[in-house]
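Summary of structural features
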Amino acid sequence: MLYRSSSVAIALAMALLLTPLPGAQAHDESKFPDWSGQWRRVEGGAPRYDHSKPYGRGQEPPLTREYRLIHEASLADQADGGQGLYRTSARCIPMGMPWQMYGLFPIEFVFTANTTLVLSEIMTSQPRRIYTDGRDWPEDQEPLFTGYSIGKWIDQDGDGKYDVLEIETRNMKVPRIYDQSGIPFHEDGQGIIKERIYLDKADPNILHNEMTTTDNALTRPWTVTRNYRREKKVIWTENNCVEGNDNIAIGKEDYLLSPDGYLMPVKKGQSPPDLRYFNQVQK
Amino acid sequence: MLLKFPIVLTASAAVAVVALTCAQAHDESKYPDWGGQWRRPAGINNQWDPTKPWGQEGAPLIPEYQAIYEANLKDQLEGGQGTDPTYTCIPDGMPRAMNVIFPMEIVILPETTYIMIEYFSMLRRIYTDGRDFPVDDGTLASFIGYSIGKWVDTDGDGRYDELLVETRFMKNPRSFDASGIPLHEDAETIVKERIYQNKDKPDVLYDEVTTIDHALTRPWTVTKNYNRERNPRWFELVCAENNEYIKIGEETYMRSPDGRLKPSKKGQKPPDLSLFDTRNDAAKK
């Protein structure tokens, strides 16, 4: 894990530096790091939560037995041609946190005096509002796929300029998964995600996001570090998921739309949808 | 069958190429305070001209498009969707996005003004860095369009008070509102806006929107107004989450509450299921 020290002495010394700068409502740009532009994931390959490990079971998520079985069932369904737990995304339901910080599609950071915004090109990722105005958790906020995020800017090296954004996100809506293989969150929606986002000290065009998830589907907090690269040539697209989506959901079943516009099965031997309401009309 | 990646299917994705420029220092004192959450006034529905009733807005359509609009209204009366394309959960696009059916936030930075609208996660980037419109290489079109803005200090007090915006490169299908007022299929729409606050009531924002389109006999100007909520609560409006409409081929069907397919119009034929092997089902029965 980057920037972690095993030395207690160093940790204590660093802790003394991890002091938030006095909050000011006016936005003093000179105090903030340059995270401008467009960021994409560094690592390629199949979309997976922990890029350092293989897709699917290879992610080795520390799931409880119950949720490991749920993940296995998702993988088995996908092997059969189904969507598994990915079916929500196939229906263009937002990815939510932490998946929306994956960076398969570009993200942008926008700093204001009270909020850091994370804007995603994929329109099924709602904008993240990370409140850095010192507020406490609201009591009556309805769950969101993005969750409710409170952040704190840290001047880690004491040079008068913030370099780390620490975020805690709660109140995330379920069902949610970590990645395409369907690694599940607990259905109780009690998950908490803590992030530390900072620029690479050697390469200011690399941004790191150390994400630690605590969730009742996990046997322990799960920490994964995501890396993003700043694009030299910024190209914003409008990716709305619905356009060109050939997944059709009817009730609990998933179907596909053939290129010539016919409904078709996703699995061998899948039954067609029940058309009883049409029969009634035709009588 | 391998996993489907709808988020990757961007064949028609709009592309805007932006040169990365050095950040300008942001002198907030020069810009108006448009912070908070902006909402359409109570009683205004999804209609383009808020001063007129829904479906009776007197759009200056050329005869061909007036006929399209009339046919659309008739189809909607029969249970169809007419020329309102958003029932499939595609974004409203411009200019309809500025109906602000669900709340809007405006974030002003020196090079870009961001307009975020809760519905469909619509995000407008209005570039105010002095750039010109790029040459369209065929990949620029998006529902929301490509917007260039200019801040204006109309009263010479040293502080900007108006944002002038021009938007081009919008793609179809779009309509002005839920009644289905159509835009021309050539997608050569240009939208010009003048966004400003009420001088006496800073919690009221106006957007004077002029649309130039080949479906119109003349530029059509409508002024929208929005009210500010200073202590906003943001929510997520996810169109796909509870969308009861399904488009299969050229037909639109509905999902019944019990999860079955049902017709959207009286007498509608069911979808063709010839790609299913129904022999197994017959055997099961």
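Reading the values: rules and limits
- Residues numbered from 1 in each chain as written.
- Chains lettered and ligands numbered in written order.
- Predicted model: local features only at pLDDT ≥ 70, side-chain atom pairs only at ≥ 80, totals over all residues.
- Domains from an automatic or database assignment.
- Contact = placed C-beta atoms within 7 Å.
- Nonpolar A, V, L, I, M, F, W, Y, C, P; charged D, E, K, R; others polar.
- Helix = DSSP H or I, 4+ residues; strand = E, 2+ residues; numbered from the N terminus.
- Buried ≥ 20, exposed ≤ 12 C-beta atoms within 10 Å, placed from the backbone.
- Core = buried A, V, L, I, M, F, W, Y, C linked by C-beta atoms within 7 Å.

All names here are of chain A. Its domain assignment divides chain A into domain 1 (18-230) and domain 2 (248-282). Computed from C-alpha coordinates alone, the two centres of domain 1 and domain 2 are separated by 35 Å. Counting residues at the interface gives 7 residues for domain 1, matched by 4 residues for domain 2. Looking at the side of domain 1 that touches domain 2, its residues break down into 1 nonpolar, 3 polar and 3 charged.

Quick look at the environment of Ala113 of chain A now. Residue and element names in this part refer to chain A. Assignment of secondary structure puts Ala113 in the loop between strand 2 (107-111) and strand 3 (115-120). Overall, the presence of 14 C-beta atoms within 10 Å leaves Ala113 in the partly exposed class. Once the C-alpha coordinates of Ala113 and Gly82 are considered, the two residues, 31 residues apart in sequence, prove to be 45 Å apart.

This part covers unusual backbone geometry. Cis geometry is adopted by the peptide bond preceding Pro98 of chain A, which originates at Met97 of chain A and carries an omega value of 5 degrees. With respect to the element layout, Pro98 of chain A can be found in the loop between helix 3 (87-90) and strand 2. Following Val174 of chain A, the chain continues to Pro175 of chain A via a peptide bond in cis, the omega torsion being 5 degrees. By secondary structure assignment, the location of Pro175 of chain A is in the loop between strand 6 (164-170) and strand 7 (192-199). For Val100 of chain B, which is not a glycine, the phi torsion comes out positive at approximately 50 degrees. Within the secondary structure layout, Val100 of chain B lies in the loop between helix 1 (63-77) and strand 3 (104-108). Positive phi, close to 55 degrees, is recorded for Ala187 of chain B, a residue that is not glycine. Exposure remark for Ala187 of chain B: the 17 C-beta atoms within 10 Å place this residue in the partly exposed category.

Now for the interface of chain B and chain A. Often, the extent of an interface is quoted as the loss of accessible area upon association of its parts. Contacts between the two partners involve 66 residues from chain B and, on the opposite side, 70 residues from chain A. Secondary structure elements with two or more residues in the side of chain B that touches chain A: strand 1 (14-18), strand 4 (112-117), strand 5 (122-127), strand 11 (245-248), strand 13 (261-263) and helix 2 (279-284) of chain B. Looking at which element gives the most residues to the side of chain B that touches chain A, the answer is strand 1 of chain B, with 5 residues. Per-class residue counts for the side of chain B that touches chain A are 39 nonpolar, 13 polar and 14 charged.

In this structure, Ile177 of chain A together with Val100, Met104, Ile117 and Met122 of chain B are the most contacted members of the largest nonpolar core, which totals 96 residues. Considering every element that reaches this core, the biggest residue donor is strand 5 of chain B, with 4 residues. Filtering out sequence-adjacent residues up to four positions away, Met122 of chain B remains in contact with Pro91, Asp92, Ala97, Ile117 and Ile144 of chain B.

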